[in-house]
Amino acid sequence: MAVVFAFFLSFLCFLQLALRTHAAALTTAIGANERLCFYADVDKAGEKIGFYFAVQSGGSFDIDFEVKDPNEKVLLDGQRERQGDYVLTANTVGEYSFCFENDMSTLTEKLVDFDIMVESEPRREPPAKPGQIADHTSALEESIFRLNGMLINIKRTQKYFHTRENRGFDTVKSTKNRLFWYAVLESLGVIGMAVFQVYVLQTFFTKTGRRYKV
């Protein structure tokens, strides 16, 4: 009975921790010379904002990005970045903008995978000694926070391998298309060379010239 109660309490703590974190993981296509912006609301100052993105396909796998606070102040920006993982503190309450811009491409469309997370859970002070638990935190909560940290690391690792897989697939697809057109051009060259050789041999064995009657 005690084991069931402990499991139920663990589930409630984990659910409470999940409800305090608002996240949005999306994948979007950004056309050539296009600018797309996404927004996240912050309810109180001091909240943590997590921002992750990775270009999955298109061109050189790079994109321009910009993060602004509600006062239009630039907090983060970058040019020709392939991926990024940032955590920043929201000092102003309001709407934060996360913009991507595909200005460097004139024809290529970019596929971007990104994640915006607003965490309202207050940061806890680490224990004074290894293994020591703070007075206001139970051993069960300590385990939940450790599990949450490990799950976040696993999630980041999965995103990394997902990005590597998509980029590898895009490279294989591009190489396959190049090999196909190279084979087509090679076949046309062989056929053209064969036709030319037949024509040359035919001119050698064909009687040409004028005939004179005596």
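All figures in this text were calculated on a predicted structure; none of them were measured in a lab. (Residues numbered from 1 in each chain as written. Predicted model: local features only at pLDDT ≥ 70, side-chain atom pairs only at ≥ 80, totals over all residues. Heavy atoms only, no water.)

**Q** Go over the overall build of the protein chain with me, naming the residues and quoting the values.
**A** Looking only at helices and strands, the protein chain has two helices and eight strands in total. Its helices and strands in sequence order give the protein chain the pattern α-β-β-β-β-β-β-β-β-α, from N to C terminus. Burial statistics for the protein chain: of 214 residues in total, 27% are counted as buried. Excluding contacts between residues fewer than 6 apart, the proportion of contacts in the protein chain whose partners are at least 24 apart in sequence is 78%. Counting every atom, the protein chain has about 15,500 Å² of accessible surface; 60% of that belongs to carbon and sulfur. (Helix = DSSP H or I, 4+ residues; strand = E, 2+ residues; numbered from the N terminus. Buried < 20%, exposed > 50% of the residue type's maximum accessible area, 1.4 Å probe, protein only. Contact = heavy atoms within 4.5 Å. Areas by Shrake-Rupley, 256 points an atom, 1.4 Å probe, with all protein chains shown as cover.)

**Q** Describe unusual backbone geometry, with residues and values.
**A** Within the chain, N33 stands out as a residue other than glycine whose phi angle is a positive 60°. On the secondary structure map, N33 appears in the loop between β1 (21-30) and β2 (35-42). Given a relative accessible area of 48%, N33 falls into the partly exposed group. Within the chain, E72 stands out as a residue other than glycine whose phi angle is a positive 65°. By the element assignment, E72 lies in the loop between β4 (63-68) and β5 (74-81).

**Q** An account of the pattern of salt bridges is needed here, citing residue identities and associated values.
**A** Scanning the entire structure with this criterion turns up six salt bridges. With a closest N to O distance of 3.1 Å, R35 and E66 form a salt bridge. Of this pair, R35 sits in strand β2 while E66 is found in strand β4, placing the two residues 31 residues apart along the sequence. Overall, the relative accessible area of 40% leaves R35 in the partly exposed class. One salt bridge in this structure joins E66 and K68, with 3.7 Å as the shortest N-O distance. (Salt bridge = Lys/Arg side-chain N within 4 Å of Asp/Glu carboxyl O.)

**Q** Explain the nonpolar core residue by residue, including any values.
**A** Within the largest apolar cluster, 22 residues are counted, with the highest numbers of intra-cluster contacts made by I49, F51, F53, F98, F100 and I116. Of all the secondary-structure elements, those providing two or more residues to this core are β2, β3 (47-57), β4, β6 (83-90), β7 (94-101) and β8 (110-119). Those residues in contact with F53, other than ones at most four positions away along the chain, are I63, F65, E81, R82, Q83, G84, Y86, F100, V112, D113 and F114. (Core = buried A, V, L, I, M, F, W, Y, C linked by side-chain atoms within 4.5 Å.)

**Q** Requested: an account of the pairing of β4, with residues and values cited.
**A** Of all six residues in β4, six are buried; the element is thus mostly enclosed. Covered by surrounding structure in β4 are I63, F65 and V67 together with D64, E66 and K68, the residues of both alternating faces. What sits between the antiparallel neighbours β4 and β5 is a turn of five residues, in which E72 has the positive phi angle 65°. (Pairing = 2+ DSSP bridges.)

**Q** Could you give an account of helix α2 (residues 139-205), naming the residues involved and the relevant values?
**A** Look at α2: 99 Å from first C-alpha to last across 67 residues, which is about the 99 Å you get at 1.5 Å a residue. When α2 is considered as a whole, its buried residues turn out to be E142, I144, K159, T163 and R167. (Expected span 1.5 Å × (residues − 1).)

**Q** Any details on the state of the cysteines? Residues and values, ideally.
**A** Summed over all chains, the structure comprises one disulfide. At a sulfur-sulfur separation of 2.0 Å, the disulfide partner of C37 is C99. Sign of the S-S torsion, about 110° for the bond between C37 and C99, identifies this disulfide as right-handed. Placement of the pair is C37 in strand β2 and C99 in strand β7, with a sequence separation of 62 residues. With a relative accessible area of 28%, C37 lands in the partly exposed category. (Disulfide = S-S within 2.5 Å.)

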